[in-house]
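Reading the structure
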Amino acid sequence: MFKRRFRLPSPALVISMITLSLVLGGTAVAASTATHKDKKADVKLIKKLAPTLSVKHAKTANSANAATHATSADSATNATNATNATNATNATNASHASTADTATTAKSLSTLAGGKSEGGYWSYVAKNIATGDFTSSTISFQQALASAPTPHLIRIGGLPPTGCSGTATAPVAAPGHLCMWETYALGVGVIDIFDFVSGNYNTANIWGTSLLERPSVANSLFYGGGTWVVTAPAGTTVHKARHSDHSHRPAMAP
């Protein structure tokens, strides 16, 4: 029976294997530590393209032209969804924005400060109205008063009463007074001061009052108008305006 005999490798074969291993290992090391010849050119290209790049998803974007989803954007030209946008030209959804298309809370109207004045004009035109009926003009304040003023109507050629001074083109009202001047009229008869809020004649409310004009001749054309000025009571402070209820109407003549 024959036995298989194994011979040891020859010294030459061992030396050849060691040399081959060193050659292959050196190549791998050299390949892993090699640098790109155009590295400077690549860096220059990246810096050139950086300003035009956009960030779609970022927790923090200090400066971005467009940020689709950003938790915090210090400076963003367009931010579609941003929780906190410190400086944003356009913010579709932002917790705090300088300009809001729809605001849940807005500044409330305030009353006119004491001693301050505001004014305007009133006019009317009507036809085919019976002598007992009327048309009306509204005196509406831009800012409400803290308390209702005392109204006065100065017809053409009339003298201003206490609380009113100046002229129709330069009217002056003392604090707590409303002065209404008639500057032109045709075919008009009686003019009454009527407060639609309280339903009383010769009174006003914090928002204004009304004038009821009646024709001098039935079924004819009549028209007129003038100027008005009101001054808030002296010493009143500015506060939120109250709401008025327009629930009363004057009675027509039978």
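Up top you'll find the structure we're talking about.
These notes cover the structure that comes with them. Treat the numbers as computed from the prediction; the structure is a model and nothing was measured.

Here's the deal with the overall build of the protein chain
Helix and strand counts for the protein chain come out as 2 helices and 11 strands. From first element to last, N terminus to C terminus, the protein chain shows the α and β order α-α-β-β-β-β-β-β-β-β-β-β-β. Expressed as a percentage of the 254 residues in the protein chain, the buried residues total 28%. By sequence separation, contacts in the protein chain at least 24 residues apart represent 66% of the contacts at least 6 residues apart. Here the protein chain displays about 17,100 Å² of accessible surface, and carbon together with sulfur accounts for 58% of that area.

Describing unusual backbone geometry
Even without glycine at this site, Asn128 takes up a positive phi of about 60°. If you trace the backbone, Asn128 turns up in the loop between β2 (117-126) and β3 (135-140). Asn128 gets classed as exposed once you look at its relative accessible area, which sits at 54%. Here Asn202, not a glycine, exhibits a phi torsion of approximately 60°, which is positive.

What about the side chain of Thr209?
Among the secondary structure elements, Thr209 is positioned in strand β10 (residues 208-215). At 3.1 Å, the side chain of Thr209 forms a polar contact with the backbone oxygen of Phe194.

Observations regarding the environment of Thr169
The residue Thr169 is located in the loop between β5 (164-166) and β6 (171-173) in this model. A residue is classified by how much of its surface remains accessible, and Thr169, at 77% relative accessible area, is exposed. Taking the C-alpha atoms as reference points, Thr169 and Trp228, separated by 59 residues in sequence, lie 9.4 Å from one another. For Thr169, the side chain forms a polar contact with the side chain of Thr167, separated by 3.3 Å.

Description of the packing of aromatic side chains
If you walk through the whole model with that rule in mind, you get 5 aromatic pairs. Taking the centre distance of 4.8 Å and the plane angle of 65° together, the rings of Phe194 and Tyr201 count as edge-to-face. Given a relative accessible area of 38%, Tyr201 falls into the partly exposed group. Taken together through their ring pairs, the aromatic side chains of Trp122, Tyr124 and Phe222 make up a single cluster.

Points about the pairing of strand β11 (residues 222-231)
With respect to burial, β11 is a largely interior element, 9 of its 10 residues being buried. As defined by bridge partners, β2 adjoins β11 across 10 bridges and the pair is classed as antiparallel. The partner of Ala126 across the bridge, within β11, is Phe222. Of the strand pairs in this sheet, strand β7 (residues 177-186) and β11 are connected by 9 bridges, and their pairing is antiparallel.

Notes on the sheet that holds β7
To summarise the sheet geometry, strands pair through backbone hydrogen bonds and adopt either a parallel or an antiparallel arrangement. Strand order in the open sheet formed by 4 strands is β2-β11-β7-β4, with mixed pairing between adjacent strands. Looking at strand neighbours, the two that pair on one side only are β2 and β4 (150-154), the edges of this open sheet. Ignoring which end each strand starts from, the neighbouring axes of this sheet average 20° apart.

Reading guide: rules and limits
- Residues numbered from 1 in each chain as written.
- Predicted model: local features only at pLDDT ≥ 70, side-chain atom pairs only at ≥ 80, totals over all residues.
- Heavy atoms only, no water.
- Helix = DSSP H or I, 4+ residues; strand = E, 2+ residues; numbered from the N terminus.
- Buried < 20%, exposed > 50% of the residue type's maximum accessible area, 1.4 Å probe, protein only.
- Contact = heavy atoms within 4.5 Å.
- Areas by Shrake-Rupley, 256 points an atom, 1.4 Å probe, with all protein chains shown as cover.
- Polar contact = N/O pair within 3.5 Å; in protein donor to acceptor, adjacent residues only side chain to side chain.
- Phe/Tyr/Trp six-rings, centres within 6.5 Å; stacked < 30°, edge-to-face > 60°.
- Pairing = 2+ DSSP bridges.
- Axes fitted to C-alpha atoms, helices over the stretch in contact; angles between N-to-C directions.

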